[in-house]
Amino acid sequence: MAKSIAFDRAADVYEATRGFPPGIGEQVAEAALEFIPPGARALEIGVGTGRIARPLAARGVRLVGVDLSRKMLAELRRRVTESAPELVEADATRLPLASASFDAALSVHVFHLIPDWQAALAELRRVLKPGGVYLNGYDWRPGDSPSARLFSRWRKIVSAHGFPGEAPGARDFADVKQFLLDSGARLEERFTGEWAVTRTVAHALETIEHRTWSSTWGVPDDFFPRCLAELRDWALAEFGSLETAFTVTHKFCWQAFRW
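Rules used throughout
Residues numbered from 1 in each chain as written. Predicted model: local features only at pLDDT ≥ 70, side-chain atom pairs only at ≥ 80, totals over all residues. Heavy atoms only, no water. Helix = DSSP H or I, 4+ residues; strand = E, 2+ residues; numbered from the N terminus. Rg over C-alpha atoms; globule rule 2.2 N^0.38 Å. Buried < 20%, exposed > 50% of the residue type's maximum accessible area, 1.4 Å probe, protein only. Polar contact = N/O pair within 3.5 Å; in protein donor to acceptor, adjacent residues only side chain to side chain. Core = buried A, V, L, I, M, F, W, Y, C linked by side-chain atoms within 4.5 Å. Contact = heavy atoms within 4.5 Å. Phe/Tyr/Trp six-rings, centres within 6.5 Å; stacked < 30°, edge-to-face > 60°. Lys NZ or Arg CZ within 6 Å of the ring centre and 35° of its normal. pLDDT = per-residue confidence, 0-100. Salt bridge = Lys/Arg side-chain N within 4 Å of Asp/Glu carboxyl O. Pairing = 2+ DSSP bridges. Right-handed = clockwise from strand over helix to strand, strands pointing away.

The next subject is the overall build of the chain. In terms of regular secondary structure, the chain is built from 9 helices and 7 strands. Since a compact globule built from 259 residues should have a radius of gyration of about 18 Å, the 19 Å found for the chain is in line with a globular shape. Principal-axis analysis of the C-alpha atoms places the extent of the chain at approximately 55 × 40 × 35 Å. By residue count, 49% of the 259 residues in the chain fall in the buried class.

Okay, here's the thing in structure tokens:
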């Protein structure tokens with residue numbers, strides 16, 4: 001079984017590339033509190049730099065954050081001055097935490113990085129108290145946006161050259177949702193916040209060139225420029241100009257599961 005992916009190489013740019021616009025993180029936290037009882041003890045796996053954990057801890061949630069990346073945890077500690085969550089460096093498939101010890105568990109954009117994501121979900125259920133809630137969150141955006149089409153083409157290019165085109169874990173949020181529903185969970189969904197991001201095709205290409213996303217990390221350094229050149233040629237043919245601008249609407253979704 002392949003190892004889970006740690007985000008050490010993204011720690012320095014994570015907030016700039018994945019952070020919420022002003023005010024959105026607070027809306028996301030308030031929406032989560034609709035499911036998390038007052039005074040709850042909660043666990044977040046893949047806590048990262050704390051974009052989810054920080055506003056929840058500031059609102060009184062007794063939060064424990066788990067992450068595989070020591071650099072991401074260090075960045076979280078640097079950003080928190082008070083109401084700091086308790087942090088644990090560990091793999092989500094082997095949580096060093098007691099069974100039935102949390103009222104709530106959370107994760108956001110993490111299962112695509114965990115090859116044995118089913119084991120991670122089993123661990124989350126193990127540490128939840130009976131009647132506890134598991135919140136799986138994600139940034140929703142249209143699947144047919146220019147940036148989504150660009151990344152889809154990137155995956156096809158690198159796969160055609162024999163390199164990993166997909167992350168090692170769950171391929172889609174729907175995989176996790178169906179797995180949990182099959183386990184007998186009841187689901188409630190809540191969308192919150194809405195923001196728009198405008199960028200050019202050239203800027204979207206730059207995020208791949210700078211290897212901001214984990215989908216670019218599996219290509220060897222000496223072969224990466226060839227894949228990037230093929231993607232740039234495709235983008236020129238597809239969009240006409242790399243300076244073509246597009247706007248993508250984002251929303252955040254919490255999926256609340258209970259058994």
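Moving on, there is more to tell.
We now examine the side chain of Arg51. The topology assignment puts Arg51 in the loop between strand S1 (41–45) and helix H3 (53–58). At 3.4 Å, the side chain of Arg51 forms a polar contact with the side chain of Asp139.

Once that is clear, we can look at the nonpolar core. Core analysis: the largest hydrophobic core is formed by 29 residues, its most contacted members being Ile52, Leu56, Leu106, Leu135, Phe252 and Trp254. By residue number, the principal contributor to this core is helix H2 (residues 24–32), which donates 5 residues. Excluding anything up to four places from it in sequence, Leu106 contacts Ile36, Ala42, Leu43, Glu44, Ile45, Ile52, Leu56, Tyr134, Leu135 and Trp254. Listed in part, the 26 residues of the second largest apolar core include Ile45, Leu95, Ile114 and Leu124.

Glancing now at the packing of aromatic side chains. Scanning the entire structure with this criterion turns up 8 aromatic pairs. Aromatic pair Trp117 and Phe179: ring centres 5.4 Å apart, planes at 70°, arrangement edge-to-face. Highlighted residues: Trp117 in helix H5 (residues 117–127) and Phe179 in helix H7 (residues 173–182), separated in sequence by 62 residues. Take Trp117: its relative accessible area is 10%, and that puts it in the buried class. The rings of Phe20, Trp195, Phe252 and Trp254 are connected pair by pair, giving a single aromatic cluster. Just above the ring of Phe20 sits the side chain of Arg51; from NZ or CZ to the centre is 4.3 Å.

Before going further, it helps to examine the confidence of the model for the chain. Mean pLDDT over the chain stands at 90; residues scoring 70 or higher make up 94%. Here helix H1 (residues 14–18) is the element of the chain with the lowest mean pLDDT, 66, and S1 is the one with the highest, 98.

Time to look at the pattern of salt bridges. If you walk through the whole model with that rule in mind, you get 15 salt bridges. Note that Arg190 is salt-bridged to Glu34, the shortest N-O span being 2.6 Å. Taken together, the residues span a long stretch of sequence, with Arg190 in strand S6 (residues 186–200) and Glu34 in the loop between H2 and S1 at a distance of 156 residues. Note that Arg126 is salt-bridged to Glu123, the shortest N-O span being 2.7 Å.

This part is about the pairing of strand S3 (residues 86–89). Here strand S2 (residues 62–67) pairs with S3 via 4 bridges, running parallel. Across the sheet, residue Asp67 finds its bridge partner in S3, namely Glu89. Note on the crossover from S2 through helix H4 (residues 70–79) to S3: the handedness is right-handed.

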